[in-house]
Amino acid sequence: MWQLMPSRNVLKLDLAESYYHVYARGNSRQEIFLKEDDYLHFLNVFRRYLCDEEVKNSAGIPYEKLGDSLEVLCYCLMPNHFHLLLYQQEEGAMQRLMRGVMTGYSRYFNTKYKRSGSLFESRYKAALISDQKYLEHITRYIHLNPKSWRNYPYSSIGLYLGGQGADWVKPERILSLFDSSKQYEAFVSDYEKAQRELEVIKHQLACDEY
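The structure presented is a predicted model; accordingly, all values stated were derived computationally and were not measured. Think of each chain on its own: its residues are numbered from 1, step by step along the sequence as written. Given that the model is predicted, a residue must reach a pLDDT of at least 70 before its local features are reported, and side-chain atom pairs must reach 80 or more before they are shown or counted; all residues, however, enter totals for whole chains, interfaces and linings. Side-chain metrics rest on all non-hydrogen atoms present in the structure, leaving aside hydrogens and water.

What is the right way to read the pattern of salt bridges from this model?
A side chain of one charge can pair with a side chain of the opposite charge if their charged atoms are brought near each other. Whenever a carboxyl oxygen of Asp or Glu lies within 4 Å of a side-chain nitrogen of Lys or Arg, that contact is scored as a salt bridge. Evaluation of the coordinates by the stated rule reveals seven salt bridges. The salt bridge partner of E121 is R25, with a shortest N-O separation of 2.7 Å. With a gap of 96 residues between them, E121 in the loop between α2 (93–112) and β4 (125–129) and R25 in strand β1 (residues 18–25) connect regions that are remote in the sequence. Linking R150 and E185 is a salt bridge whose minimum nitrogen-to-oxygen distance equals 3.0 Å. Of this pair, R150 sits in the loop between α3 (132–143) and α4 (157–160) while E185 sits in helix α6 (residues 181–189), and the two are 35 residues apart along the sequence. With a relative accessible area of 18%, E185 lands in the buried category. Among the ionic contacts, a cluster of salt bridges with common partners joins E64, E90 and R96. Numbering of helices and strands runs from the N terminus; a helix is a DSSP stretch of H or I covering at least four residues, while a strand is a stretch of E covering at least two. Exposure is judged per residue with a 1.4 Å probe applied to protein chains only, and the accessible area is read against the type maximum: over 50% gives exposed, under 20% gives buried, and values in between give partly exposed.

Have a look at this one:
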């Protein structure tokens, strides 16, 4: 049964068949994406774990396949942080995915830009979502991060509005809550009526200001 509110800020529960809002930002608020290639590489790291075909690393070792264990429902990448909405089908899958993605991307970023040390401020944060209304609003919050959200290239909004996108992103669970893509677009664009809900979401984040 749906409860009233999500758990706050950090991953306290690791449950199967559950929704999570996952987010992380750069260490000391530094940018974690400097060029278009960085955004694309970050998304490709997700693809390694979530696409249907087997993907191997440079040593010929296959990456763990997690596509049957969890789904990425939506995402948005901003210059110094990112947001994801995940549906975890199997306990522990989210932790394995995020560990692999953040470690792999940090290694890429540090090598490319000849730096060392932690790229991210801390391990990712994850809030368990157990209320359907909040689930709907968190997708709006994620997609409204950029000002020009309809045409933003580094989010899943294109898939939601009937366009193309990464084949490993699965918007169906959210879109099934609406009559059509047009209705979802209207829901997202109806910002003024949603402002109070969005402020509640922002309050739930450990990193309130990016």
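Even after reading the chapter, I still don't get the pairing of β1, so can you show me in this structure?
Each regular strand carries side chains that alternate between the two faces of the sheet. Extensive coverage of β1 is indicated by the burial of eight of its eight residues. The sheet contact formed by β1 and strand β3 (residues 81–88) spans eight bridges and is antiparallel. The partner of Y20 across the bridge, within β3, is L86. Two strands pair when backbone bridges link them, and β1 and β4 are joined in this way by five bridges, in the antiparallel orientation. Directly across from Y20, in β4, lies its bridge partner L128. At least two DSSP bridges between two strands are required for those strands to pair.

Honestly, the environment of E172 in this entry has me stumped. Any pointers?
Counting through the fold element by element, E172 comes out in helix α5 (residues 172–175). Note: C-alpha distance between E172 and Y160 (twelve residues apart in sequence) is 8.8 Å.

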